[in-house]
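# Examining the three-dimensional arrangement
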Amino acid sequence: MIGGGIAGAAAALALRQEGHDVTVYEAHEDPEGDVGAYISLAVNGMRALEKLGCLAEVQSAGFGVPRMRFSTAGGRRLGDVPRHRREADPMHSVTLMRGRLVSIMRRAARAAGAQVITGERLLGMTETVDDVTAEFSSGRRDTAELLVGADGVHSTVRKLIDPSAPRARYSGFYAVAGVSSTPSADGGVWNLTYGRNGAFINITLDERTQWWTAQVADPVRPDLRSIDDDAWKQRLRQLYPETVPSEVLAGTTRLFGSTLMHVCDPIRTWHSTRAVLTGDAAHPVGVAQGAAMAVEDALVVAAALRVAPTIHAALEIYDVERRPRISKLLKHADDSRDSKRPGPVKRRLDVVKMRLMLPFYERATGYLYDYDAAVSGERISA
Ligand SMILES: Cc1cc2nc3c(=O)[nH]c(=O)nc-3n(C[C@H](O)[C@H](O)[C@H](O)COP(=O)(O)OP(=O)(O)OC[C@H]3O[C@@H](n4cnc5c(N)ncnc54)[C@H](O)[C@@H]3O)c2cc1C
């Protein structure tokens, strides 16, 4: 595995379950990384984690968020729908710190017998018919039957498999996250306010603590490194004068930092003969499904390796199995990103669109939660 984030740790666990020898090479020592301060796992991701034996630990490291509400900048409620699940599903989406999730999964991978080596950055790879050799910046080399590129949105493995593959680019949004001590009675609700300058999300942990993320629309890629915490607080208060965001921002006790958000054109080539992409390396998706998709990928790669006569055949099965689902999700993510772009006329049209669409939300998104990677594994086996 190249990359020890969610996709790499999940693939390590899934392949260990099938009895493969696994080594994970991760560039950073620290699992916190800079991708998303906290993330939500949709129920399809939770069910995939259950297959990997991590469900209980992930549930106890985070908190369940059963509902989500959408509001206009003026505070008018547009809709209240189940969060990342079907209404009747007793399993709830869980929100937790991303670093915590990666720590749990890396620990589980080690406990399952995978070697996890940190501080090693992949630079190159050489494939033959029989094996693939990874080359690292330290000079280290390692040869295996299969290389899994789980190295994120700016994947090196993607470029090595196909030098003409699209590169991730700035999406026109950046995210800033923090914790606020603003009181709220809305426990277990993910609230999204469409603000003048993007979208503002706040989730109530308990009656005195809220986690928030401001997704700021800014067409010109900003330099986020030069901004300190006080300057952020000031800037965000100007960007989000709307009632709910300004109240939550005023009670901020801690900032988690800021992250540029990226998009990538669809990546046509997910594998070569002995290397394959999973997670964001293959398909940065958005709409809070990236983590879930990375875990699903892992289960499907493992199932395909179990049944296929050759590694290359397994990688073809993986592509055929995952491609339609990811393509459908990418379309859905484009629509969601577009609804957060500002502009007074567009915003009014978006509000009308949301009001029409929200009653059918479950019908539109249910396909995401119905997928069971283990069932798809069984289908592959059949
Ligand atoms: C602001 C924000 C909020 C988000 N919120 C959500 C959410 O709520 N729900 C959700 O599901 N998803 C969310 N996401 C997306 C989610 O974080 C990603 O989809 C997920 O982290 C992808 O996991 P990954 O393992 O594929 O990639 P990453 O998490 O990026 O992991 C890749 C790993 O590979 C390592 N690496 C990179 N290059 C090399 C190399 N050359 N050699 C060795 N190691 C390397 C990196 O250090 C990293 O640890 C969010 C993303 C952002 C930016």
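So, how was this worked out
Residues numbered from 1 in each chain as written. Predicted model: local features only at pLDDT ≥ 70, side-chain atom pairs only at ≥ 80, totals over all residues. Axes fitted to C-alpha atoms, helices over the stretch in contact; angles between N-to-C directions. Helix = DSSP H or I, 4+ residues; strand = E, 2+ residues; numbered from the N terminus. Parallel < 35°, antiparallel > 145°, perpendicular 65-115°, else oblique. Left-handed = near helix turned anticlockwise from the far one by under 90°. Contact = placed C-beta atoms within 7 Å. Nonpolar A, V, L, I, M, F, W, Y, C, P; charged D, E, K, R; others polar. Domains from an automatic or database assignment. Near = placed C-beta within 6 Å. Pairing = 2+ DSSP bridges. Buried ≥ 20, exposed ≤ 12 C-beta atoms within 10 Å, placed from the backbone. Arc of directions from axis to C-beta.

Axis separation between helix α1 (residues 6-17) and helix α4 (residues 98-111) bottoms out at 9 Å; the angle between their running directions is 25°. The orientation of α1 with respect to α4, classified from their angle, is roughly parallel. Here the hand of the crossing between α1 and α4 comes out left-handed. Contacts between α1 and α4 pair Ile6, Ala9, Ala10, Ala12, Leu13 and Arg16 from the former with Leu101, Val102, Met105, Arg106, Ala108 and Ala109 from the latter. Along the lines of polarity and charge, the residues of the contact of α1 with α4 split into 10 nonpolar, no polar and two charged.

When the domains of the chain are assigned, the result is domain 1 (6-65 + 91-168 + 264-343) and domain 2 (170-263). Measuring from the centre of the C-alpha atoms in domain 1 to the corresponding centre in domain 2 gives 27 Å. Counting residues per element, the side of domain 1 that touches domain 2 draws most heavily on strand β3 (residues 63-65), at three residues. Within the side of domain 1 that touches domain 2, the residues separate by chemical class into 10 nonpolar, three polar and four charged.

In contact at an axis separation of 8 Å, helix α2 (residues 43-51) and helix α8 (residues 290-307) are set at 40° when each is read in the N-to-C sense. Classified by the angle their axes make, α2 and α8 are oblique. Crossing of α2 over α8 shows left-handed handedness. Of the residues in α8, those in contact with Asn44, Gly45, Ala48, Leu49 and Lys51 of α2 are Ala291, Ala292, Val295, Glu296 and Leu299. Residues that form the contact of α2 with α8 fall into these classes: six nonpolar, two polar and two charged.

Once that is clear, we can look at the site of the ligand. The environment of the ligand is formed by 36 residues, the closest being Gly3, Gly5, Gly152, Gly279 and Gly290. Mapped by element, the contributors of at least two residues to the shell around the ligand are α1, β1 (23-26), β2 (38-41), β16 (252-263) and α8.

The three strands lie next to each other as β2-β6-β3, forming an open sheet whose pairing is antiparallel. Each edge of the open sheet is held by one strand with a lone partner, namely β2 and β3. Each strand of the sheet is rotated relative to its neighbour by a mean of 35°, with strand direction disregarded. Bridging between β3 and strand β6 (residues 93-97) involves three bridges; their strand directions are antiparallel. The partner of Val65 across the bridge, within β6, is Ser93.

This part takes up helix α7 (residues 243-250). For α7, the full list of buried residues reads Val244, Pro245, Val248 and Leu249. The arc that holds every buried residue of α7, seen down its axis, measures 125°, which confines them to one face. Contact partners of the buried residues in α7: β12 (169-180), β13 (189-195), β14 (198-206), β15 (209-217), α6 (229-239) and β16.

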